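# Structure assessment
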Amino acid sequence: MSQKVDLVIFGGTGDLSTRKLLPALYQLQRHNLADRLNRIIATGRGEMETGAFRLEAQANLEKYLPRENWDESVWEAFRDRLEYVKIDADNADDYRQLARLLGTADTAGRLYYLATLPSLYGEICQQLQDAGVVNDASRVVLEKPLGHDLESCRSINQQVARVFDEEATFRIDHYLGKETVQNLLALRFGNQLFHPMWNNTFISSVQITVAEEIGVAGRGSYYADTGALRDMVQNHLLQVLSLVAMEPPATLKATDIRDEKMKVLRCLEPITESNVKERTVRGRYTAGAVGGRAVKGFLEEDAFHDAENTETFVALKASINNWRWAGVPFYLRTGKRLSRRYSEIVIEYRQQPFSLFANDPQELTNKLVIHLQPEESISLHTVNKKPGLTSKLRLQPVELHLTDESQNKRDKYDAYERLLLDAIHGDQTLFMRRDEVETAWHWIDSIIAAWDDNGSAIKPYNAGTMGPNAATALIAVDGRSWHE
Ligand SMILES: NC(=O)c1ccc[n+]([C@@H]2O[C@H](COP(=O)([O-])OP(=O)(O)OC[C@H]3O[C@@H](n4cnc5c(N)ncnc54)[C@H](OP(=O)(O)O)[C@@H]3O)[C@@H](O)[C@H]2O)c1
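None of the values given here were measured: they were computed from a predicted structure. (Residues numbered from 1 in each chain as written. Predicted model: local features only at pLDDT ≥ 70, side-chain atom pairs only at ≥ 80, totals over all residues. Heavy atoms only, no water.)

## Focus on the pairing of strand β12 (residues 330–335)
Note the cut-off: Exposure is judged per residue with a 1.4 Å probe applied to protein chains only, and the accessible area is read against the type maximum: over 50% gives exposed, under 20% gives buried, and values in between give partly exposed. For the purposes of this entry, the term helix denotes a DSSP run of H or I that reaches at least four residues, the term strand denotes a run of E that reaches at least two, and both are numbered from the N terminus. Here the rule is simple: two strands pair whenever DSSP picks up at least two bridges between them.
β12 sits mainly inside the fold: six of its six residues count as buried. Going residue by residue along β12, you find Phe330, Leu332 and Thr334 tucked away on one face and Tyr331, Arg333 and Gly335 tucked away on the opposite face as well. Relative to β12, strand β7 (residues 203–211) runs parallel, the two being bridged by six bridges. Among the inter-strand pairings, Ala211 is bridged to a residue of β12, identified as Gly335.

## Digging into the sheet that holds strand β13 (residues 342–349)
Strand pairing in a sheet relies on backbone hydrogen bonds, with the paired strands running either antiparallel or parallel. For clarity, the cut-off: Lines fitted to the C-alpha atoms define the axes, with helices restricted to the stretch that makes contact. Angles between their N-to-C directions range from 0 to 180 degrees.
Spatial strand order, β16-β15-β14-β13-β7-β12-β11-β8-β17: nine strands in an open sheet with mixed pairing. Taken across any chain shown, the strands that pair with only one partner, and hence form the sheet edges, are β16 (395–401) and β17 (458–462). Strand-to-strand twist across the sheet, computed as the mean angle between neighbouring axes with direction ignored, equals 20 degrees. Direction of pairing for strand β8 (residues 280–286) relative to β17: parallel, over a ladder of five bridges. Of the residues in β17, the one forming a bridge with Tyr285 is Tyr461.

## What about the packing of aromatic side chains?
What counts is decided by this rule: Geometry of aromatic contacts follows a simple scheme: Phe, Tyr and Trp rings, the Trp one being its six-membered ring, pair when their centres are within 6.5 Å, and the pair is stacked under 30 degrees between planes, edge-to-face over 60, tilted otherwise.
Enumeration over the complete set of coordinates arrives at 15 aromatic pairs. Judged by centre distance (5.9 Å) and plane angle (80 degrees), the ring pair of Tyr26 and Phe78 falls under edge-to-face. Taken together, the residues span a long stretch of sequence, with Tyr26 in helix α1 (residues 15–30) and Phe78 in helix α3 (residues 72–79) at a distance of 52 residues. On the accessibility criterion, Tyr26 (0% relative accessible area) is buried.

## Focus on the pattern of salt bridges
As a reminder of what qualifies: Criterion for a salt bridge: a side-chain nitrogen of Lys or Arg within 4 Å of a carboxyl oxygen of Asp or Glu.
The final tally for this structure, using the stated rule, is 22 salt bridges. With its nearest N and O atoms 3.0 Å apart, the salt bridge here joins Asp15 to Arg19. With Asp15 and Arg19 both in helix α1 and four residues apart, the pair spans about one turn of that helix. Given the relative accessible area of 36%, Arg19 is considered partly exposed. Residues Asp478 and Lys317 are paired through a salt bridge, measuring 2.9 Å at the closest nitrogen-oxygen approach. Taken together, the positions of Asp478 in the segment after α15 (469–476) and Lys317 in strand β11 (residues 313–318) put the pair 161 residues apart, joining distant regions of the chain. The structure contains a network of salt bridges with shared partners spanning Arg154, Arg434 and Glu438.

## Considerations on the UniProt feature "active site" (unreviewed entry) in the protein chain
What counts, and what does not: UniProt positions are given in the numbering used here, feature names are shortened, and annotations may be inferred rather than shown by experiment. We call two residues in contact whenever any of their non-hydrogen atoms come within 4.5 Å of each other.
Mapped onto this numbering, the UniProt entry gives "active site" (unreviewed entry) at His236. Take His236: it is sitting in helix α9 (residues 227–245). Beyond its immediate chain neighbours, meaning those up to four positions away, His236 contacts Lys144, Asp173, His174 and Tyr175.

## A short note on the domain arrangement of the protein chain
Using the following cut-off: Domain ranges listed in this record stem from an automatic or a database domain assignment.
Each domain of the protein chain was delimited in the assignment, giving domain 1 (5–143) and domain 2 (176–413 + 433–477). For domain 1 versus domain 2, the separation of C-alpha centres amounts to 34 Å.

## What to know about empty space enclosed by the protein
Which parts of space are left empty comes out when a probe the size of a water molecule is rolled across the atoms. What counts here: In the cavity and pocket records, a cavity denotes points on a 1 Å grid over the protein atoms alone where a 1.4 Å probe fits but cannot get out, a pocket denotes an open set with protein on both sides within 12 Å along at least 5 of 7 lines, and lining residues are residues with an atom within 4 Å of a point. Grid points are joined across faces, edges and corners, and a volume is the space filled by probe spheres set on the points. Charged residues are taken to be Asp, Glu, Lys and Arg, nonpolar residues to be Ala, Val, Leu, Ile, Met, Phe, Trp, Tyr, Cys and Pro, and polar residues to be all remaining types, Gly included.
Applying the stated rule across the entire model yields three cavities of 30 Å³ or more. Roughly 80 Å³ of internal volume is contained in the largest cavity. In terms of lining residues, the largest cavity is bounded by Leu176, Val181, Gln182, Leu185, Leu243, Ile257, Lys261, Thr429 and Leu430. For the lining of the largest cavity, the secondary-structure elements that each account for two or more residues are α7 (179–190) and α10 (254–267). Examining the composition of the lining of the largest cavity, we find that three residues originate from one element, α7, more than from any other. Residues that form the lining of the largest cavity fall into these classes: six nonpolar, two polar and one charged.

## Topic: the packing of helix α5 (residues 121–130) against helix α6 (residues 150–161)
Test applied: In these notes the angle categories are as follows: under 35 degrees is roughly parallel, over 145 is roughly antiparallel, 65 to 115 is roughly perpendicular, and the rest is oblique.
The interhelical angle for the contact between α5 and α6, taken along N-to-C directions, is 5 degrees, at an axis separation of 8 Å. It follows that α5 is roughly parallel to α6 by the angle criterion. Counting all contacts with α5, which are made through Tyr121, Gly122, Glu123 and Cys125, the residues of α6 involved are Ile156, Gln159 and Val160. Partitioned by chemical class, the residues of the contact of α5 with α6 number four nonpolar, two polar and one charged.

## As for the state of the cysteines
The cut-off we apply is this: Cysteine sulfur pairs qualify as disulfides if the two atoms are within 2.5 Å.
Applying the stated criterion across every chain, the model contains zero disulfides. Of the cysteine sulfurs around Cys153, a residue in no disulfide, the closest is that of Cys125, at 14 Å. Taking the relative accessible area as the measure of exposure, Cys153 reaches 0% and is therefore buried.

## Topic: the side chain of Ser379
With respect to the secondary-structure elements, Ser379 resides in strand β15 (residues 377–385). Of the residues examined, Ser379 reaches a relative accessible area of 1% and is grouped as buried. Residues contacting Ser379, with those up to four places away along its chain left out, are Lys367, Leu368, Val369, His371, Glu399, Leu400 and His401.

## Structural notes on the site of the ligand
Threshold: Nearness is judged by heavy atoms alone; a residue qualifies as near a molecule or strand once a single heavy atom is within 4 Å of it. By the criterion applied in these results, polar contacts are pairs of N or O atoms within 3.5 Å in which, for protein atoms, one can donate a hydrogen and the other can accept it, and in which residues neighboring in sequence qualify only through two side-chain atoms. For every accessible area listed, the method is Shrake-Rupley and the probe measures 1.4 Å; residues are considered covered only by the protein chains on display.
In the vicinity of the ligand lie 20 residues, with Thr13, Asp15, Leu16, Arg19 and Arg45 positioned nearest. A distance of 2.9 Å is found between an oxygen atom of the ligand and a backbone nitrogen or oxygen belonging to Thr116. In this structure, Lys144 approaches the ligand through a main-chain N or O atom, which is 3.1 Å from an oxygen atom. Summarising the interface, the protein chains cover 71% of the accessible area of the ligand, which totals 890 Å² for the free molecule. Element by element, the count of residues in the shell around the ligand is highest for α1, at three residues. Among the residues making up the shell around the ligand, the classes are represented as eight nonpolar, six polar and six charged.

## Quick look at the packing of α6 against helix α14 (residues 434–454)
The description of two packed helices rests on the angle between their axes and on the distance between the axes. As a reminder of what qualifies: By definition, any crossing whose near helix is turned counterclockwise from its far helix by less than a right angle is left-handed, and any crossing with a clockwise turn is right-handed.
Running from N to C, α6 and α14 point in directions that differ by 165 degrees, and their axes come no closer than 9 Å. Here α14 runs roughly antiparallel to α6, going by the angle between their axes. Judged by the sense of rotation from one axis to the other, the crossing of α6 with α14 is left-handed. Of the residues in α14, those touching α6 at Leu150, Cys153, Arg154, Asn157, Gln158 and Ala161 are Arg434, Val437, Glu438, Trp441, His442 and Asp445. The residue makeup of the contact of α6 with α14, split by class, is five nonpolar, three polar and four charged.

This is how it looks when you write it as structure tokens:
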């Protein structure tokens with residue numbers, strides 16, 4: 001479809017919309033990338049005039065956008081696109097109101113962004129269909145979490161599929177919108193240099209870390225029932241893992257890339273009762289200090305007194321059983337209230353078969369480090385000769401930076417800008433397909449079942465550290481350490 005698209009945001013008054021979606025849409029307008037976008041219709045349960053919503057949106061945009069990005073003329077053009085409609089998810093009359101605004105033309109482009117409770121997704125889709133506002137040119141964007149386990153995920157997917165085809169369904173994982181994650185494709189498949197060495201002959205291990213300083217205050221019962229494995233590993237970490245490990249796709253089209261990611265997920269060796277103790281570590285933060293500020297422990301937070309079976313940290317060792325990756329451990333870890341906020345992928349190369357510099361303290365194994373946040377960059381850790389007239393050839397470490405910093409600063413954008421733009425244009429490449437999400441849940445469910453059967457202990461760690469000691473031991477038994 002190449003016509004203009006009306007974007008309807010369910011949850012348009014919520015936190016995600018306020019902090020991320022509306023600022024991202026404003027930025028698209030600022031960069032003159034919103035030509036395919038028509039109206040932006042925000043919905044919430046409260047009665048509100050569009051004028052009042054626009055005022056609220058302006059205040060929030062001024063709060064959440066970098067000051068230098070505020071431009072009165074951009075805002076005026078953006079403001080004119082904004083509408084507000086009151087919709088309670090199960091109230092058919094409210095959808096009729098929406099239909100009056102949208103019209104019921106068969107060909108009008110519509111994008112429904114569901115940024116509300118996932119338990120409402122099925123109901124909202126059905127009501128949209130009943131109101132006659134779903135046509136062949138309509139698409140739906142689904143925010144995470146897509147279920148709590150495989151069964152609930154399937155149930156949401158089935159309900160949505162009654163109304164929207166898979167080609168019209170866009171499942172968000174905002175990690176896929178990050179420039180450096182997409183850069184992985186360019187790095188791996190655009191360079192002759194890396195591709196021949198991207199396998200178990202040359203690579204000894206892969207680490208993926210997503211470390212957060214923030215705790216879980218404000219996420220109440222949702223986090224108590226979820227924990228780090230479901231909240232982060234099932235989606236972000238497994239998506240990144242599949243992009244790192246996938247085979248070269250036939251083309252850069254969405255189907256081909258998603259087919260290859262899917263094969264990786266299918267090759268993940270199950271973690272079961274027999275190996276869960278060696279392969280996983282669960283942790284939970286106790287009181288400590290993060291960024292120089294004292295913070296409470298997880299169980300001391302009002303909403304989490306009883307959440308004794310919820311982990312705020314998980315580390316695990318995954319294996320991908322295929323020809324390329326057999327014997328290469330993929331170490332994943334993520335947690336809350338860690339010492340600093342950063343996400344990175346570390347590709348560690350094997351040592352040379354024989355070293356001429358065996359006694360040199362600077363001898364190192366080469367690493368390719370892909371930083372995803374807070375800064376996005378790629379660097380290759382190598383050695384060269386220490387300069388000078390010394391009689392002996394000495395080594396010194398050198399980091400080769402593979403990103404163009406000046407361009408990075410100039411073209412920096414938020415992941416939601418990329419993903420909203422792609423959804424408006426109908427490009428599914430950076431969105432998760434149903435089989436990917438369900439296969440990921442299948443693998444995660446096995447770990448959770450093994451934890452339940454094994455009575456796996458959750459290890460405490462002080463807030464402001466990098467997790468429990470057991471996470472260090474998980475990788476140390478293989479003669480390795482986490483890249484810090
Ligand atoms: N916030 C984030 O950073 C973030 C990140 C990733 C994913 N997500 C996901 O995005 C979704 C929204 O999160 P959020 O943090 O924005 O939640 P939130 O701040 O609690 O907002 C919820 C939104 O849903 C609307 N809503 C609630 N019940 C409704 C109902 N019965 N019918 C119609 N609308 C209803 C609310 O409207 P009113 O209250 O105005 O009626 C509000 O706009 C969730 O699925 C969340 O997991 C959020």
